[in-house]
Amino acid sequence: MLKINNLHARIGEKEILKGINLEVKAGEVHAIMGPNGSGKSTLASVLAGREDYEVSAGSVEFLGKDLLELSPENRAREGLFLAFQYPVEIPGVTTINFLKTAVNEIRKYRGEAAMDAVSFLKMMREKSQLVEIDQALLSRSLNEGFSGGEKKRNEVFQMAMLEPKLAILDETDSGLDIDALRIVASGVNKLKSPQNATIVVTHYQRLLDYIVPDFVHVLWNGRIVKSGTKELALELEEKGYDWIKAEAIS
Amino acid sequence: MASTNSESLKSSLLEQIRNVVDFNGDKESALTQLHFPVKKQEEWKYSIPNFLADSYQLSSLQEVPVSSIPSGLPSDACKLVFVNGVFSSELSDKSLPSGLEVSFCPLNNSIKPFEENLFGKLNEASAEKQGIHLHVHKNASIEKSILLVHIIPSTGLSSWIQPSISIHLEANSSASFGEIWEGLPADHFVANAVNEIRLESGANLHWLHIQDGTSDGIIINQTRVACAANSLFRHIVLSTGSGFVRNNLDIHIEGSGAHADMFGLSLGNGSFHCDHHSFLHHAVPNTTSNQLYKGIYSGKSTGVFNGKILVDQIAQKTNAYQSGRNILLSPDAKVYAKPQLEIFADDVKCSHGATIGQLDEEPLFYLRSRGLDLATARLLLVRAFASEILMQINSDSLRAYAEEKAIRQLDEMTKS
């Protein structure tokens, strides 16, 4: 589904990604871990098409297409979804309002007919139950005055509505208490299927108790320096990142 | 334009006014001392003063046939129609809501303008002939919105028109007015309008001003308001188009417990120039005011916001807030903001501020990452920005009318 080959990216003069290689197949859950500043969020942003970053080398293939050639909106329409680490607040735009536009723009891109209001509302009701989000929140200005947990739940709700093939969760656990974390994780798990894949970007192992990864990768200094199974995450939790750094240098 | 030309324009206009109205000596001498504004005047420095043509036809005094009024006006409102600034009883609704009276009557100029200028004095000179007075009776609560619909028929000449309207709300009355300038001619024109509004104690007035579709025209609008104790005045202005607009809005809060709201939404495209000068005077203790002017500018349009709040020494316990927020959509659009506070009392809460920026990248990226294309994302964000002002309009039909105009303009602006 996703093939990242020798990806380099910079912001201004500063190179942050220094040759990432990663392959994700349908049905898999990959966790990307690493200390602060290792490039985890940059990788998520580059994949979603944030324009602050310049890709200086390498390639990314997504479902057979050159992902880096696509605009952010076309990446979304092809089936990529980024759950933001810091979801933005947009006063005056309700979640329902913009999601209706989003769902229909994606359908149009795929050559499907627009969804009528009744079907849309029905889908919204189902998905909001799935991720346990209060429907009243969805008629309010997007994320305005939402708690940290409500914002992250809204991200997972949008993911449920847009039905992506590849979801990237960028530090979805940050700022969440354990109950909120459990609800968010259970939403993500319910959306899992053999046809889609998930990349979980996180600093802590905690989230991986709830979203169990097939593979764990450790990112440090712009490169994946170690890959393994979920046991690697437990080892990191126990020993910290220093031994990985030492191993990488030697 | 050279000053000799503006002097000859002034003489020509005066001569045309003199043909139909007698001046007394006072008016004559006030006019001799005033001149058309020049760039070095502080109040006009951002509003290019060389916009006037060499000569105009004072069109108020011409017979002009008009067959119809603009379509699409809210049908549940009472319409009073002004052709070239002159009240047309023929085109206006025949039956008035109870509690409202319309009469011919010159402005009495009892509210002194913050900025004494030649435009105001010229208007005053012809007001005697064509001034209209709207009177709302004590305790009357007028449900229907009252629309003042201004029409300028196309004549192929440069018209100069001068509507003079005074409004008086007696104690504890309430009304909602819409001052509508739209469907204006493609010819160059000057609309030099003066409104004088007086609210007696406990009166409640909602005023929506829509300036739409100016092509090559100049609108100079001076609205002066006096608010007595416990009265409530709300002014909302929506300015769109591609011509030149200068609004002087003066509000004097003269009675305790009174409150004034001033809201503005300016949507500039092409070479639109929109200048809001607001002057808010808190003259007595225990009064409040709130101002929010928003602007979105694209193309080569220019916005000016010059807002002054004056709090007199005796006006303790004043709460006055003022804010100007602007978005520039193109590199050639400009905004000049000059908020000013002049406070002589010591127990007050006042604040002011102005922001000028571009559409934020982060919300744009967020919406695009959900599958919205750039144009749709921009449109959604500018509509949301504008809606904060439009939602202040209390009449459903007037709000829908204003929203339709705003959305049409925003569509045009975000396309480019």
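Fair warning: this is a prediction, and the values are worked out from it, not measured in the lab.

## Concerning the overall build of chain B
Right, on to step 1. Per the secondary structure count, chain B includes six helices and 21 strands.
Right, on to step 2. Taken against the 2.2 N^0.38 rule, which gives 22 Å for 416 residues, the C-alpha radius of gyration of chain B at 21 Å falls within 12% of a compact globule.
Right, on to step 3. By principal-axis analysis of the C-alpha atoms, chain B measures approximately 70 × 50 × 45 Å.
Right, on to step 4. The buried share of chain B, reckoned over its 416 residues, is 58%.
Right, on to step 5. Taking the intrachain contacts of chain B between residues at least 6 apart in sequence as the baseline, contacts between residues at least 24 apart amount to 86%.
Right, on to step 6. Element-wise, carbon and sulfur atoms account for 49% of the exposed surface of chain B, whose accessible area totals about 15800 Å².
Right, on to step 7. For chain B, the centre of its 33 positive side-chain charges and the centre of its 45 negative side-chain charges are spaced 4 Å apart.

## Quick look at helix α3 (residues 118-130) of chain B
Residue and element names in this part refer to chain B.
Right, on to step 1. Between its first and last C-alpha, α3 extends 18 Å over 13 residues, near the 18 Å set by a 1.5 Å rise per residue.
Right, on to step 2. In α3, a bend of some 25 degrees at E124 exceeds every other bend along the element.
Right, on to step 3. In terms of residue burial, α3 counts as a mostly covered element, since 11 of its 13 residues are buried.
Right, on to step 4. Taken together, the buried positions of α3 are occupied by L118, F119, G120, K121, L122, N123, E124, A125, S126, A127 and Q130.

## Description of the packing of aromatic side chains
Right, on to step 1. Scanning the model with the defined rule gives 14 aromatic pairs over all chains in all.
Right, on to step 2. For the ring pair Y46 of chain B and Y336 of chain B, a centre distance of 4.2 Å and an interplane angle of 15 degrees mean the geometry is stacked. One end of the pair, Y46 of chain B, is in the loop between α2 (25-33) and β1 (57-58); the other, Y336 of chain B, is in strand β20 (residues 334-343), with 290 residues separating them in the sequence.
Right, on to step 3. Judged by relative accessible area, Y46 of chain B falls into the partly exposed class, the value being 29%.
Right, on to step 4. Aromatic ring contacts, followed pair by pair, group F36, W44, Y56, F119 and W160 of chain B into a single cluster.
Right, on to step 5. Sitting over the ring of W243 of chain A, K239 of chain A keeps its end group 4.5 Å from the ring centre.

## Quick look at the nonpolar core
Right, on to step 1. Judged by nonpolar contacts, the single largest core of 122 residues is most densely connected at L2, I4 and L166 of chain A together with I296 of chain B.
Right, on to step 2. Core analysis: the next-biggest nonpolar cluster, separate from the first, contains 40 residues, C78, A175, L205 and F233 of chain B among them.

## So, helix α3 (residues 95-109) of chain A
Residues and elements named next belong to chain A.
Right, on to step 1. Helix length check: α3 (15 residues) gives 21 Å between terminal C-alpha atoms against 21 Å at 1.5 Å per residue, within 8%.
Right, on to step 2. For α3, the complete set of buried residues consists of T95, F98, L99, A102, V103, N104, E105 and I106.
Right, on to step 3. Directly beyond the C-terminal end of α3, a positive phi value near 75 degrees is found at G111.

## Some thoughts on the state of the cysteines
A covalent bond between the sulfur atoms of two cysteines is referred to as a disulfide.
Residue and element names in this part refer to chain B.
Right, on to step 1. Counting across every chain of the model gives zero disulfides over all chains.
Right, on to step 2. Looking at the unpaired C105, the closest cysteine sulfur is the one in C78, lying at 19 Å.
Right, on to step 3. Taking the relative accessible area as the measure of exposure, C105 reaches 31% and is therefore partly exposed.
Right, on to step 4. With no disulfide of its own, C227 lies closest to C350 among cysteine sulfurs, the gap being 16 Å.
Right, on to step 5. The exposure class of C227 is buried, given its relative accessible area of 1%.

## Structural notes on the pairing of strand β6 (residues 146-151) of chain B
On any regular strand, side chains alternate: one points to one face of the sheet, the next to the other face.
Residue and element names in this part refer to chain B.
Right, on to step 1. Among the six residues that make up β6, six are buried, leaving the element largely enclosed by the rest of the structure.
Right, on to step 2. Residue alternation in β6 divides its side chains into two sets, I146, L148 and H150 and L147, V149 and I151, and both sets are buried.
Right, on to step 3. Where strand β2 (residues 78-83) meets β6, six bridges bridge the pair, whose relative direction is parallel. Residue pairing across strands places L80 opposite L148, the latter belonging to β6.
Right, on to step 4. Relative to strand β9 (residues 174-181), β6 is paired through five bridges, and the arrangement is parallel. Across the sheet, residue L147 finds its bridge partner in β9, namely G178.

## Looking at the confidence of the model for chain B
Note that predicted coordinates carrying low pLDDT should not be read in detail.
Right, on to step 1. Of all residues in chain B, 96% have pLDDT values of 70 or greater, and the mean over the chain is 90.
Right, on to step 2. As a predicted assembly, this complex carries a pTM of 0.87 together with an ipTM value of 0.95.

## A look at a negative patch on the surface
Residue and element names in this part refer to chain A.
Right, on to step 1. Where like charges cluster on the molecular surface, the negative patch consists of E23, E61, D66 and E69.
Right, on to step 2. Here E23 shows up in strand β2 (residues 14-24).
Right, on to step 3. For E23, a relative accessible area of 40% gives the class partly exposed.

## Things to note about the packing of helix α5 (residues 374-390) of chain B against helix α6 (residues 396-415) of chain B
Residues and elements named next belong to chain B.
Right, on to step 1. With their axes 10 Å apart at the nearest point, α5 and α6 run at an angle of 150 degrees to one another. Between α5 and α6, the crossing angle belongs to the class labelled roughly antiparallel. In this structure, α5 crosses over α6, and the sense of that crossing is right-handed. Contact residues: R378, L379, V382, R383, A386 and L390 in α5; R399, A402, E403, A406, I407, L410, D411 and T414 in α6.

## Quick look at the interface of chain B and chain A
Right, on to step 1. The partner chain A presents 30 residues to the 16 residues of chain B that form the contact.
Right, on to step 2. Approximately 1900 Å² of surface area, both sides summed, lies buried where chain B meets chain A, with 63% of it carried by carbon and sulfur atoms.
Right, on to step 3. Broken down residue by residue, the surface that chain B buries against chain A is led by F365, Y366 and R370 of chain B, which jointly contribute 38%.
Right, on to step 4. At the boundary of chain B with chain A, the tally comes to 11 residue pairs in polar contact (both at pLDDT 80 or more).
Right, on to step 5. Elements supplying a minimum of two residues to the side of chain B that touches chain A: α4 (361-368) and α5 of chain B.
Right, on to step 6. For the side of chain B that touches chain A, a count of residues per class yields nine nonpolar, three polar and four charged.

What counts, and where the lines are drawn
- Residues numbered from 1 in each chain as written.
- Chains lettered and ligands numbered in written order.
- Predicted model: local features only at pLDDT ≥ 70, side-chain atom pairs only at ≥ 80, totals over all residues.
- Heavy atoms only, no water.
- Helix = DSSP H or I, 4+ residues; strand = E, 2+ residues; numbered from the N terminus.
- Rg over C-alpha atoms; globule rule 2.2 N^0.38 Å.
- Buried < 20%, exposed > 50% of the residue type's maximum accessible area, 1.4 Å probe, protein only.
- Contact = heavy atoms within 4.5 Å.
- Areas by Shrake-Rupley, 256 points an atom, 1.4 Å probe, with all protein chains shown as cover.
- Lys, Arg positive; Asp, Glu negative; His and termini not counted.
- Charge placed at Lys NZ, Arg CZ, Asp CG, Glu CD.
- Expected span 1.5 Å × (residues − 1).
- Bend = angle between axes of the 7 residues up to and from the residue.
- Phe/Tyr/Trp six-rings, centres within 6.5 Å; stacked < 30°, edge-to-face > 60°.
- Lys NZ or Arg CZ within 6 Å of the ring centre and 35° of its normal.
- Core = buried A, V, L, I, M, F, W, Y, C linked by side-chain atoms within 4.5 Å.
- Disulfide = S-S within 2.5 Å.
- Pairing = 2+ DSSP bridges.
- pLDDT = per-residue confidence, 0-100.
- Patch = residues over 30% accessible without salt bridge, like charges linked within 9 Å, V, L, I, M, F, W, Y side chains within 5 Å.
- Salt bridge = Lys/Arg side-chain N within 4 Å of Asp/Glu carboxyl O.
- Axes fitted to C-alpha atoms, helices over the stretch in contact; angles between N-to-C directions.
- Parallel < 35°, antiparallel > 145°, perpendicular 65-115°, else oblique.
- Left-handed = near helix turned anticlockwise from the far one by under 90°.
- Buried area = accessible area lost by both parts, 1.4 Å probe.
- Polar contact = N/O pair within 3.5 Å; in protein donor to acceptor, adjacent residues only side chain to side chain.
- Nonpolar A, V, L, I, M, F, W, Y, C, P; charged D, E, K, R; others polar.

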